[in-house]
Amino acid sequence: MGHTGAVWCVDADWDTKHVLTGSADNSCRLWDCETGKQLALLKTNSAVRTCGFDFGGNIIMFSTDKQMGYQCFVSFFDLRDPSQIDSNEPYMKIPCNDTKITSAVWGPLGECIIAGHESGELNQYSAKSGEVLVNVKEHSRQINDIQLSRDMTMFVTASKDNTAKLFDSTTLEHQKTFRTERPVNSAALSPNYDHVVLGGGQEAMDVTTTSTRIGKFEARFFHLAVEEEFGRVKGHFGPINSVAFHPDGKSYSSGGEDGYVRIHYFDPQYFEFEFEA
Amino acid sequence: MQDAENVAAPEAAEERAEPGPQQPAAEPPGEEPARPEGPGAPEAADGENEEAEAGPGPEAPAEPAVDGEEAAAGATPGPSPPPPEEPPAAAEAEDEAPGEQAPAEQAGAEQARDAAAEARSDGDGAGGEQGGPSEDAVVAENGDADEPSFSDPEDFVDDVSEEELLGDVLKDRPQEADGIDSVIVVDSVPQVGPDRLDKLRNVIHKIFSKFGKITNDFYPEEEGKTKGYIFLEYASPAHALDAVKNADGYKLDKQHTFRVNLFTDFDKYMTISDEWDIPEKQPFKDLGNLRYWLEEPECRDQYSVIFESGDRTSIFWNDVKDPVSIEERARWTETYVRWSPKGTYLATFHQRGIALWGGEKFKQIQRFSHQGVQLIDFSPCERYLVTFSPLMDTQDDPQAIIIWDILTGQKKRGFHCESSAHWPIFKWSHDGKFFARMTLDTLSIYETPSMGLLDKKSLKISGIKDFSWSPGGNIIAFWVPEDKDIPARVTLMQLPSRQEIRVRNLFNVVDCKLHWQKNGDYLCVKVDRTPKGTQGVVTNFEIFRMREKQVPVDVVEMKEPIIAFAWEPNGSKFAVLHGEAPRISVSFYHVKSNGKIELIKMFDKQQANTIFWSPQGQFVVLAGLRSMNGALAFVDTSDCTVMNIAEHYMASDVEWDPTGRYVVTSVSWWSHKVDNAYWLWTFQGRLLQKNNKDRFCQLLWRPRPPTLLSQDQIKQIRKDLKKYSKIFEQKDRLSQSKASKELVERRRTMMEDFRKYRKMAQELYMEQKNERLELRGGVDTDELDSNVDDWEEETIEFFVTEEIIPLGSQE
């Protein structure tokens, strides 16, 4: 029962009935959230890197790694058609031969997915035809994370090139850049302020040789409009792998390579802070 | 050597060329074949000799007599050996010297030779040519078999060259110049009659046999008197060279100073055209004002930055707010860059050589082709460039180090060099008039612009370990270690007089280091000693006061290990870092006008390994670079206060701007792979900027030329500082408020733009509301509380028991 390898990705549908998980055990699984019962087992040829439900919760997608001689694919299943699950035959499978997908989310209204690649490229794939709708390259290195704003009109990318960037979800137009000195592993948008939080740090493989001081394992807060940093939270002693805001925007949490998940509540000053403009 | 030739020889050549026309040049060559001075005779004889080699056989001499009458006239008596008293070399000398005659004679000889060749091909019945056999075959087929004719048919043209046929033999044919390398020409010899000739010969023999055995001599005569120049032949060319080197300029008496030249040199100078070609006028290249950057109204300085691991190079204006980019180029240099000492040029390194850039647009100004160049050095006057490459050196052509003229781009001189370990190999005097190099037991001083050895000889200083020029005058300081009973010695020598102005003996010396104060006012010799009866090393700072009579010396002794020493650039203070980590102290000393050296202040527990004085003096940055994590202390030495303690973690470099207003600390990618950045500080240690640059490598300030203001003017400015500072403060306030205004303005526009963008996105979002509702089965999920009516409130109670466990029992 359950995965037999590292779980790389988790997503729940909008009404939290189902949960989707992807794992390095070469499978993607669908679960009933309330009971924990496994509803579907979709076997793949290589590790599942990203997965997600569309806006309506009817279509799932997941992408696989380029690994062991297998290509990177994005597969789409329509849950309303049980035969697709039963036969493990997706209604669409998009190959990504050039550079593998390292992060992906569904676009607004479930019409497309937005994928970040190892090369730093961003692609918007149509969920109906599979064609590339928009392609942009604003990052010079791997995109580690993509997170949408609450209204899904924009998203923030976190990249190994030491920056996080804000894009428009529909046009993929680049809006803002947030610069740091270390690889950024994750970035999240505040649901009710024009703030973004970045987490990252010296790469895990280099950490043993560097002190926490030069590792810079801090969560860093930037203002979306002016791209300026206004706050930093220390605490982790390894790189931060993921950050997320609480839906009410009053706290955030971060998970680090050090094995800790830290939950921080904002001080009153945080809500009062404003740039002089 | 090279210079001696270049300078001395042309004069001699001119002198020698003169007598030519005066000689009986008009004499027909054939008339007096045996006369040694007759220019024609030796020429003819010479021609004959060649003919004899080239000619096919004994019948040849008869043949050319028909075709080449002019030559034959001279040639016929040729086979008989030349008169015994006529040295062959001298004969050749004669034929070379009369310039105008020579070409005509040459032509005659050539004709004769051609004739001989023709004669041979016509009359040669031996069938030695390659063409022969096939001709025979043809003849045989024709049927005239009885008596085959070996002679060529009438119309036969010999198309095989002699080289092809006899290449191996001809290769060994004696050259015209063979043997004459050992001949020298001596000018300015007294003119004597036959009565005193023997005496002259004796004197000459005495002087010149020093350099080797003289195998032949020749004293040309005219009207019973010698002509004032003579020819001497040595047993080997080396002797001749030796004689030229040493006897040239020999003063026989008041009237006679020998000019000695190699005979072969005459050949070289004879070929120089008599007519002087007016050098072509080079179009003037207007490079613009190469010092334009000094006219910047804000008095900002420039610096160069190499980043992206060397792929990109930028030039910036330094500005308190943000650096202003002037120029950025990809792959501008292959390794690093250097500024010239006065800042006029930026030098970039390439596999094929060095390029210099300058002017407002940083256009290329000059190129120096030196394959594999690794190191360079400018002369302080910016007139010369020294380049080093390990690739190009060969035995005959010294090219390891090349000195270039920057203005013309021409190579001035090449040098051999085995190792570049102690770059710069050549050290320049402060004015660029001299440069010197140290080799084993020798100090060679060269002068510009001739690039020749000063006074044509090096200084022999046995055991010389190190030397250095005073930055304030043409004085060289050097030291030699102890040698048995002779103490170690520091010598100050004035140049070009080579007068020793001060010698100081030192005992039990392990090592010496020479530190000049930037103006050359003081010299500090740091002497590591092991005095008898003590253990370990003691360091003496021997302070030479250069500006005073007799150059008095005072000594400061320190028993702790010395980490660093540095003079205040424009002043009389020096700083010493001493002790052992973690107990490192810094001491500031002051050399008073009465010569007393006073300890002003000592700070202990310093985290520092390097001293960086402001170029204007007074302020100093003590830095603990690299292993000391980049600790920084900013000290004002006028009252010895530490103005600020700071840190630039892992800093590898500290660079003061040329005015001493700012200082940059940096972490270079060359020494550390992360956090590559340069930070700008004020001289007081207030951090102004952190400039992160991807794989930043190096920052170099553009130097400024020395000020044109006189001491009095500077004094006056100092006096009026209050007046100026008011103006500057006002300016600063203005620019500061402008800056903050600009920042606020920038933020405002960014906010405004962002707001606009969000508004658009929101509108689109609202438009899609129905679609969203549809997709989620009519449930509105746009707001967290949008379905508040659907919420069911549930109260859950947990029973929590609290148990207090003492900390100890937890494990």
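Residues numbered from 1 in each chain as written. Chains lettered and ligands numbered in written order. Predicted model: local features only at pLDDT ≥ 70, side-chain atom pairs only at ≥ 80, totals over all residues. Heavy atoms only, no water.

As for the overall build of chain A
1) Next: Check the secondary structure of chain A and you find 4 helices and 23 strands.
2) Next: Burial analysis of chain A (277 residues in total) assigns 55% to the buried set.
3) Next: Pairs at least 24 apart in sequence give 37% of the contacts found in chain A among residues at least 6 apart.
4) Next: Within the structure as shown, chain A displays about 12100 Å² of accessible surface, and the carbon and sulfur contribution to it stands at 47%. (Helix = DSSP H or I, 4+ residues; strand = E, 2+ residues; numbered from the N terminus. Buried < 20%, exposed > 50% of the residue type's maximum accessible area, 1.4 Å probe, protein only. Contact = heavy atoms within 4.5 Å. Areas by Shrake-Rupley, 256 points an atom, 1.4 Å probe, with all protein chains shown as cover.)

Details of the overall build of chain B
1) Next: Looking only at helices and strands, one finds 15 helices and 43 strands in chain B.
2) Next: For chain B, the residues scored as buried account for 43% of the 811 residues in total.
3) Next: The contacts of chain B with a sequence gap of at least 6 include a subset with a gap of at least 24, amounting to 47%.
4) Next: Element-wise, carbon and sulfur atoms account for 50% of the exposed surface of chain B, whose accessible area totals about 46400 Å².

Here we look at the nonpolar core
Soluble globular proteins tend to bury their nonpolar side chains together.
1) Next: With 22 residues, the main nonpolar core has Ile184, Val186, Ile204 and Phe208 of chain B as its most contacted residues.
2) Next: Those elements that provide at least two residues to this core are β1 (183-187), α10 (194-208), β5 (230-234), α11 (237-247) and β6 (259-262) of chain B.
3) Next: Here this core gets 5 residues from one element, more than from any other, and that element is α10 of chain B.
4) Next: In this structure, Leu166, Phe178, Leu198 and Ala225 of chain A belong to the second largest nonpolar core, which totals 20 residues. (Core = buried A, V, L, I, M, F, W, Y, C linked by side-chain atoms within 4.5 Å.)

Thoughts on the interface of chain A and chain B
1) Next: Residue-level contacts link 34 residues of chain A with 30 residues of chain B.
2) Next: Here chain A packs against chain B, burying approximately 2900 Å² in sum over the two surfaces, 61% of which is carbon and sulfur.
3) Next: The three residues of chain A that bury the most area against chain B are Trp14, Phe55 and Leu109 of chain A, which together make up 21% of that side's buried surface.
4) Next: Note that Asp675 of chain B is salt-bridged to Arg182 of chain A, the shortest N-O span being 2.8 Å.
5) Next: At the boundary of chain A and chain B, one finds 8 residue pairs in polar contact (both at pLDDT 80 or more).
6) Next: Breaking the side of chain A that touches chain B down by element, the ones donating at least two residues are β15 (163-168), β16 (174-179) and α3 (212-215) of chain A.
7) Next: A per-element tally of the side of chain A that touches chain B places β15 of chain A first, with 3 residues. (Buried area = accessible area lost by both parts, 1.4 Å probe. Salt bridge = Lys/Arg side-chain N within 4 Å of Asp/Glu carboxyl O. Polar contact = N/O pair within 3.5 Å; in protein donor to acceptor, adjacent residues only side chain to side chain.)

Here's the deal with the UniProt feature "repeat: WD" (unreviewed entry) in chain A
1) Next: Look at the UniProt record and you will see "repeat: WD" (unreviewed entry) annotated at residues 1-41, 136-177 and 233-263 of chain A.
2) Next: With 0% helix and 52% strand, residues 233-263 of chain A has end C-alpha atoms that lie 11 Å from one another. (UniProt positions renumbered as here; feature names shortened; annotations may be inferred.)

So, the pattern of salt bridges
1) Next: Within this structure, the stated rule accounts for 41 salt bridges over all chains.
2) Next: With its nearest N and O atoms 3.3 Å apart, the salt bridge here joins Glu181 of chain A to Lys216 of chain A. Linking Glu181 of chain A in the loop between β16 and β17 (184-189) with Lys216 of chain A in the loop between α3 and β19 (219-223), this pair joins segments that are 35 residues apart in sequence.
3) Next: Two residues, Asp511 of chain B and Lys513 of chain B, come together in a salt bridge whose shortest N-O distance is 2.9 Å.
4) Next: Look at the salt bridges and you will find they share partners, linking Glu181, Arg182, Lys216, Glu218, Arg220, Glu229 and Arg232 of chain A together with Asp675 of chain B into a network.

Description of helix α14 (residues 721-767) of chain B
Along an α-helix, residues three or four apart share an orientation, since each turn contains 3.6 residues.
1) Next: Under the 1.5 Å per step criterion, the end-to-end length of α14 of chain B is 67 Å for 47 residues, consistent within 8% with the ideal 69 Å.
2) Next: Listed as buried for α14 of chain B are Ala739, Val744, Arg747, Met750, Met751, Phe754, Tyr757, Arg758, Ala761 and Tyr765 of chain B.
3) Next: Taken together, the buried residues of α14 of chain B touch β14 (154-159), β15, β16 and β19 of chain A together with α15 (769-775) of chain B. (Expected span 1.5 Å × (residues − 1).)

Here's the deal with the side chain of Asp780 of chain B
1) Next: Along the chain, Asp780 of chain B turns up in the segment after α15.
2) Next: There is a polar contact of 3.0 Å between the side chain of Asp780 of chain B and the side chain of Lys769 of chain B.

Some thoughts on the packing of aromatic side chains
How two aromatic rings sit relative to each other is set out by the distance from centre to centre and by the angle between their planes.
1) Next: In the structure shown here, the tally under the stated rule is 60 aromatic pairs over all chains.
2) Next: Summarising the aromatic geometry, the rings of Phe76 of chain A and Tyr91 of chain A are spaced 6.1 Å apart at their centres and angled 50° between planes, so their arrangement reads as tilted. Here Phe76 of chain A is found in strand β7 (residues 72-78), whereas its partner Tyr91 of chain A is found in the loop between α1 (82-87) and β8 (92-96), with 15 residues between them in sequence.
3) Next: Measuring from centroid to centroid gives 4.6 Å for Phe619 of chain B and Phe683 of chain B, while their planes differ by 55°, and the two rings are tilted. Note that Phe619 of chain B is positioned in strand β36 (residues 619-624) and Phe683 of chain B in the loop between β41 (677-682) and β42 (687-692), a separation of 64 residues in sequence.
4) Next: The exposure class assigned to Phe619 of chain B is buried, which follows from its relative accessible area of 14%.
5) Next: On the basis of relative accessibility, which here comes to 25%, the residue Phe683 of chain B falls in the partly exposed class.
6) Next: Aromatic ring contacts, followed pair by pair, group Tyr193, Phe221, Phe230, Phe245, Tyr252, Phe266, Tyr270, Phe271, Phe273 and Phe275 of chain A into a single cluster. (Phe/Tyr/Trp six-rings, centres within 6.5 Å; stacked < 30°, edge-to-face > 60°.)

Observations regarding the sheet that holds strand β9 (residues 101-106) of chain A
All names here are of chain A.
1) Next: Pairing within the open sheet is antiparallel, and its 4 strands lie in the order β9-β10-β11-β12. Bordering the open sheet on either side are β9 and β12 (132-137), each of which pairs with just one other strand. With strand direction ignored, the average angle separating the axes of adjacent strands in the sheet is 20°.
2) Next: With 5 bridges joining them, strand β10 (residues 112-117) and strand β11 (residues 121-126) adopt antiparallel strand pairing. (Pairing = 2+ DSSP bridges. Axes fitted to C-alpha atoms, helices over the stretch in contact; angles between N-to-C directions.)

So, unusual backbone geometry
1) Next: Of note, the amide linkage connecting Trp423 of chain B to Pro424 of chain B takes the cis form, showing an omega dihedral of 0°.
2) Next: For Pro424 of chain B, the location among the structural elements is in the loop between β17 (411-415) and β18 (427-428).
3) Next: Cis geometry marks the peptide bond from Thr448 of chain B to Pro449 of chain B; its omega dihedral reads 0°.
4) Next: Take Pro449 of chain B: it is sitting in the loop between β20 (442-447) and β21 (452-453).
5) Next: Even without a glycine there, the phi angle at Glu227 of chain A is positive, about 65°.

Notes on the side chain of Ser75 of chain A
All names here are of chain A.
1) Next: By the secondary structure assignment, Ser75 is in strand β7.
2) Next: Given a relative accessible area of 5%, Ser75 falls into the buried group.
3) Next: Excluding residues that lie within four positions of it along the chain, Ser75 makes contacts with Ile60, Met61, Phe62, Pro90, Met92 and Lys93.

Structural notes on the sheet that holds β17 of chain A
All names here are of chain A.
1) Next: Pairing is antiparallel in the open sheet, where 4 strands are placed in the order β17-β18-β19-β20. Looking at which strands have only one partner, the edges of the open sheet turn out to be β17 and β20 (229-233). Each adjacent strand pair in this sheet contributes to an overall mean axis angle of 20°, direction not counted.
2) Next: With 5 bridges joining them, β17 and strand β18 (residues 195-200) adopt antiparallel strand pairing. Bridging from a neighbouring strand, Val184 pairs with Gly200 of β18.

A few points about the pairing of β36 of chain B
Residues and elements named next belong to chain B.
1) Next: Along β36, 6 of the 6 residues are buried, which leaves the element largely enclosed by surrounding structure.
2) Next: Side chains Phe619, Val621 and Ala623 project from β36 onto one buried face, and the interleaved Val620, Leu622 and Gly624 project onto a second face that is buried too.
3) Next: In this structure, strand β35 (residues 610-613) lies alongside β36, joined through 4 bridges in antiparallel fashion. Bridge pairing links Trp613 to Val620 in β36.
4) Next: Between β35 and β36, which follow one another and run antiparallel, lie 5 residues, and Gly617 among them has a positive phi close to 85°.
5) Next: Looking at chain direction, β36 and strand β37 (residues 631-636) are connected through 6 bridges and run antiparallel.

Overview of the confidence of the model for chain B
1) Next: Summary statistics for chain B give a mean pLDDT of 79 and a share of 79% for residues scoring 70 or more.
2) Next: Overall, residues 114-144 of chain B carries pLDDT values under 50, and its contacts beyond four positions in sequence, including any with other chains, amount to 26 contacts. (pLDDT = per-residue confidence, 0-100.)

As for the pairing of strand β40 (residues 662-667) of chain B
All names here are of chain B.
1) Next: When you tally the buried positions in β40, you get 6 out of 6 residues, the bulk of the element.
2) Next: Here β40 shows a buried face lined by Tyr662, Val664 and Ser666 and a second buried face lined by Val663, Thr665 and Val667.
3) Next: Bridge count between strand β39 (residues 653-656) and β40: 4 bridges; the pairing is antiparallel. Across the sheet, residue Asp653 finds its bridge partner in β40, namely Ser666.
4) Next: Between β39 and β40, which follow one another and run antiparallel, lie 5 residues, and Gly660 among them has a positive phi close to 80°.

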